[in-house]
Amino acid sequence: MFNYLIKIEYEGTNFVGWQSQKNGNSIQDNIEKALKKVLRTKVRIIGAGRTDKGVHAYSQAANFRYQKKIDKKIFLESINFFLKKKLISILDIKKQKEDFHARYSAKLRTYEYLIINRQGTLSINRNRAWHIKKEIDLNLMKKGANLLEGTHDFSTFRAASCSAKSPIKKIYSIKISKVNKMIKIRISSKSFLQNQVRSMVGCLKY
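This report concerns the structure included in the present document.

What follows covers the sheet that holds strand β8 (residues 168-179). With respect to topology, 5 strands assemble into an open sheet ordered β6-β5-β9-β8-β7, the strand pairing being mixed. One side of each edge strand has no neighbouring strand; the edge strands of this open sheet are β6 (130-132) and β7 (150-153). In this sheet, neighbouring strand axes are inclined to one another by 35° on average, regardless of whether the strands run parallel or antiparallel. In this sheet, β6 lies alongside strand β5 (residues 109-117) in parallel orientation, the contact comprising 3 bridges. The residue of β6 that forms the bridge with Ile115 is Trp130. Across the face of the sheet, helix α3 (residues 138-148) comes into contact with β5, β7, β8 and β9 (182-189) while running at roughly 165° to β8.

Shown next, in the form of structure tokens:
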């Protein structure tokens, strides 16, 4: 039995999120369906993180076990054939040690949140950014971000349905930059609470 790591890119607008669930179309479900077609057996994948509805990914990680060796080139061509219309791409596949677990072996997770701060409505970034017309004080936002870095009780920023055992999390860094009218907020931690990033960004905006 081999343990494989895959790196995934996806446009999350039309999905209920990463995790398989009864109430809609998930990223996990679509990848598992494609894997079944390619590998001709049912495969369960484990994601490094459970992104929420509408969240996109540049490099989501997941792992699965399969009894045979996989040819990388043939695998990537085959699985992306079935996924391309879903706007999901498998970027890479690598063999890992038997004890590798995409969720528990992850050392760092980084979210990037985009804000377009202008009067004009969004077109290109319509599903990729938060449109805010009122001018944002970037220096004040950075001061607020400094207060959120480090180890804190983030109960205020977790969803009511969050299943994490503890609200105590360590935020390694919050980097805020602005180019023209686009503000980028990059938040890094080993793990996050459900809806934590969105709630923190909302707090910084206000």
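Moving on from the coordinates now.
So, about helix α2 (residues 72-83). An ideal rise of 1.5 Å per residue puts 16 Å on 12 residues; α2 measures up with 16 Å between its terminal C-alpha atoms. Taken together, the buried positions of α2 are Phe75, Leu76, Ile79, Asn80 and Leu83. Axial view of α2: buried residues confined to an arc of 110°, hence all on one face. Turned more than 90 degrees away from the buried face of α2, the exposed residues are Lys73, Ile74, Glu77 and Phe81.

Moving on, we get to the pattern of salt bridges. Under the defined criterion, the tally for this structure stands at 5 salt bridges. Residues Glu11 and Arg128 are paired through a salt bridge, measuring 3.8 Å at the closest nitrogen-oxygen approach. With Glu11 in the loop between β1 (2-10) and α1 (27-39) and Arg128 in the loop between β5 and β6, the pair connects residues that are 117 residues apart, well separated along the chain. For Glu11, a relative accessible area of 17% gives the class buried. Under the relative-accessibility criterion, Arg128 is labelled partly exposed at 43%. For Glu98, the salt bridge identified is with Arg65, shortest N-O distance 3.1 Å.

Here is a general trend for soluble globular proteins: nonpolar side chains tend to be buried in one another's company. Membership of the largest hydrophobic core comes to 25 residues, with the highest contact counts inside it found for Ile6, Ile8, Ile31, Leu35, Phe64, Phe75 and Ile90. Within the residue set of this core, elements represented by two or more residues are β1, α1, β3 (57-66), α2 and β4 (88-96). Top element by residues in this core is α1. It accounts for 5 residues. Residues within four places of Ile31 in sequence aside, it is in contact with Ile6, Ile8, Trp18, Ile45, Leu83, Ile88 and Ile90. Among the nonpolar cores identified, the runner-up in size contains 22 residues, and Ile132, Phe157, Ile171 and Phe192 belong to it.

With that settled, the discussion passes to helix α4 (residues 196-205). In an α-helix, one turn spans 3.6 residues; hence positions three or four apart end up facing the same way. Among the residues of α4, Gln196, Val197, Met200, Val201, Gly202 and Leu204 are the ones counted as buried. Elements in contact with the buried residues of α4: β5, β6, α3, β8 and β9.

Pairing geometry for β1 and β3, over 8 bridges, is antiparallel. The residue bridging Phe2 from the neighbouring strand is Tyr66, located in β3. Judged from the 8 bridges that link them, β1 and β4 form a sheet pairing that is antiparallel. When the sheet's bridge partners are listed, Asn3 is paired in β4 with Gln96.

Rules and cut-offs
Residues numbered from 1 in each chain as written. Predicted model: local features only at pLDDT ≥ 70, side-chain atom pairs only at ≥ 80, totals over all residues. Heavy atoms only, no water. Pairing = 2+ DSSP bridges. Helix = DSSP H or I, 4+ residues; strand = E, 2+ residues; numbered from the N terminus. Axes fitted to C-alpha atoms, helices over the stretch in contact; angles between N-to-C directions. Contact = heavy atoms within 4.5 Å. Expected span 1.5 Å × (residues − 1). Buried < 20%, exposed > 50% of the residue type's maximum accessible area, 1.4 Å probe, protein only. Arc of directions from axis to C-beta. Salt bridge = Lys/Arg side-chain N within 4 Å of Asp/Glu carboxyl O. Core = buried A, V, L, I, M, F, W, Y, C linked by side-chain atoms within 4.5 Å.

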